[in-house]
Amino acid sequence: MRVAYQAGVLRALSEAGLHFHHGDGTSGGIMNLAMILSGQDPVEMGERWRTLDQRQFMSLLPLRQYVRSFRWPAFGGTRGVRDRVFPHLGIDVERIRAAQGMVGTFNVCNFSRKVAEVFEHSAIDLDLLVAGISLPMLMPAVTHHGESYLDAVWIRDSNVLEAVRRDADEVWLVWCIGNTPEYLNGSFRQYVHMIEVAASASLYADFEQVRAATKERPSPVVLHLIKPESPIPLDPDYFLGRIDAGTLVEMGYRDGCRYLDHLDPAGVAWEPGATAMRSDRPALLIRADLTGHLGDHDLAVRLAPEIPDAATMKSGSRIDAPATGHATFPAVGTRVPFRDARVTVTTGGRLSFEATLEGPDGRYCLAGEATIGNSVLPVSLSLGEQPGGAIVAEGELDQDRALWSSALRSAHVTHALSSGDRGRVMRALARVVLHHGLQARHNGREHRRPGAPRVLP
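Quick notes on the rules
Residues numbered from 1 in each chain as written. Predicted model: local features only at pLDDT ≥ 70, side-chain atom pairs only at ≥ 80, totals over all residues. Heavy atoms only, no water. Helix = DSSP H or I, 4+ residues; strand = E, 2+ residues; numbered from the N terminus. Rg over C-alpha atoms; globule rule 2.2 N^0.38 Å. Buried < 20%, exposed > 50% of the residue type's maximum accessible area, 1.4 Å probe, protein only. Contact = heavy atoms within 4.5 Å. Areas by Shrake-Rupley, 256 points an atom, 1.4 Å probe, with all protein chains shown as cover. Lys, Arg positive; Asp, Glu negative; His and termini not counted. Charge placed at Lys NZ, Arg CZ, Asp CG, Glu CD. Axes fitted to C-alpha atoms, helices over the stretch in contact; angles between N-to-C directions. Parallel < 35°, antiparallel > 145°, perpendicular 65-115°, else oblique. Left-handed = near helix turned anticlockwise from the far one by under 90°. Polar contact = N/O pair within 3.5 Å; in protein donor to acceptor, adjacent residues only side chain to side chain. Core = buried A, V, L, I, M, F, W, Y, C linked by side-chain atoms within 4.5 Å.

**Student:** Any chance you could explain the overall build of the chain here in plain terms?
**Tutor:** When you go through the chain residue by residue, the secondary structure sums to 13 helices and 17 strands. Over its C-alpha trace the chain gives a radius of gyration of 24 Å, about what one expects of a compact globule, namely 23 Å for 457 residues. If one aligns the C-alpha atoms of the chain with their principal axes, the spans along those axes are about 75 × 60 × 40 Å. Evaluated residue by residue, the chain yields a buried proportion of 52% over its 457 residues. When contacts within the chain are restricted to residue pairs at least 6 apart in sequence, those whose partners lie at least 24 apart make up 65%. Accessible area of the chain: about 21,400 Å², with a carbon and sulfur share of 53%. Across the chain, the centroid of the 48 positively charged side chains sits 9 Å from that of the 53 negatively charged ones.

Below, the structure is given as structure tokens:
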């Protein structure tokens, strides 16, 4: 359910002018490949993920199957995916089958024969698309031509060999399955670990075959691999709204931009460990939606800072957090994701942020700074990647009670290994909120504009 991340990466690749002759999808990646072959560009893909109600993934089996016995085919059914998710994502089987310009291949597990089968897009149908994301226990197997089909993730989670067989010179792999050393407690996390082991082991086996196959070629196949620095939140966090699809899209876009900004034409080595991710300490993810104006135009900003090592936050100490997000403003466009962003809170309650985004005339820097407790956050939009370039517009964003209340309600602990980790982070957050709340009360008395609403104490 969380592969909205991939749509953000695809937007970064598209903006860089990359075009592909072949696309391959496995497991959740099937949805994004199906959206591309249905005629969508990455911007539209991101918007469809952003507006999807994630609860639509859930559907129940017929009631009689639950009451007859406990030998269910799965916990849930496929109707939500067939009737709601796929239509909302714009997945159109007829358009997929007729697509031209890029060959698409879909990997599905034929359970009856215990093999992974590859279907070209011209031969795909709705049953196979649904089967390709049907994980055992969560969704039932799908019958196709008298045989049972499932998600292929237990055999492979990407098929780089298919690209090499088709004489690819470059392979771009978008990987969002976690890969850290920790073996975690809990049945759900251990179910995820099994997927991680199967997916990574099959990928590395493919790498070995690629290395062997390319010895016969005049030049090696180049691998470009884009992944998050640390694992993205799991499906339950997405389903429960602790992380939303828009933030996942923006995470993928940021990571794709970072890879492209530091691109090595030689790519990365076809070696085990290429998908390894950093084991972070518990962090705190917060989402804030701000509105205001720049010059004579409305401005809307989403900021989602992730505060690293959040359990160590102390009242009044400096907070420096990387962030994702987007901005809507006529000079740049609608919900344009940030290539990079950072939020800082310093002693004395000074709040500032900087974000870089791609506009029609080049890259822009959106920056703002204010004292917590003021009713507005002055901002400027400048042409260039850093503040100090030519100012395009200046204005302000509102900081009111509803904004801060909504931001605090969105607070979610990421990379927590236990409930104790979550508790320590939330206690640290409570201390910081209390400190800055008192600071805000003071600043509101000292600096509040006449007639401006009082901010959250």
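Alright, that's what it looks like, and here's the rest.
**Student:** Could you clarify how one ought to interpret the packing of helix α2 (residues 29-37) against helix α3 (residues 42-50) in this entry?
**Tutor:** Packed helices, taken two at a time, are described by the angle their axes make and the gap between the axes. Running from amino to carboxyl end, α2 crosses α3 at an angle of 130°, the nearest separation of the two axes being 10 Å. Taken together, the axis directions place α2 and α3 in an arrangement best described as oblique. As α2 packs across α3, the resulting crossing turns out to be right-handed. On α3, the residues touching Met-31, Asn-32, Met-35 and Ile-36 of α2 are Met-45, Arg-48 and Trp-49.

**Student:** Explanation requested: the side chain of Gln-40 in the structure shown.
**Tutor:** Tracing the backbone shows Gln-40 in the loop between α2 and α3. With a relative accessible area of 7%, Gln-40 lands in the buried category. There is a polar contact of 2.6 Å between the side chain of Gln-40 and the backbone oxygen of Leu-89. With residues up to four places along the chain from it excluded, the contact list for Gln-40 reads Met-35, Met-45, Arg-48, Leu-89, Gly-90 and Ile-91.

**Student:** Would you mind showing me how to read the nonpolar core here?
**Tutor:** Within soluble globular proteins, side chains that are nonpolar tend to cluster in buried spots. One finds Met-31, Trp-49, Phe-86, Ile-91, Phe-106 and Leu-129 to be the most contacted residues of the largest nonpolar core, which totals 56 residues. Core analysis: the next-biggest nonpolar cluster, separate from the first, contains 44 residues, Ala-310, Val-336, Phe-338 and Ala-416 among them.

Read these as layout, nothing more, since geometry by itself doesn't imply function.
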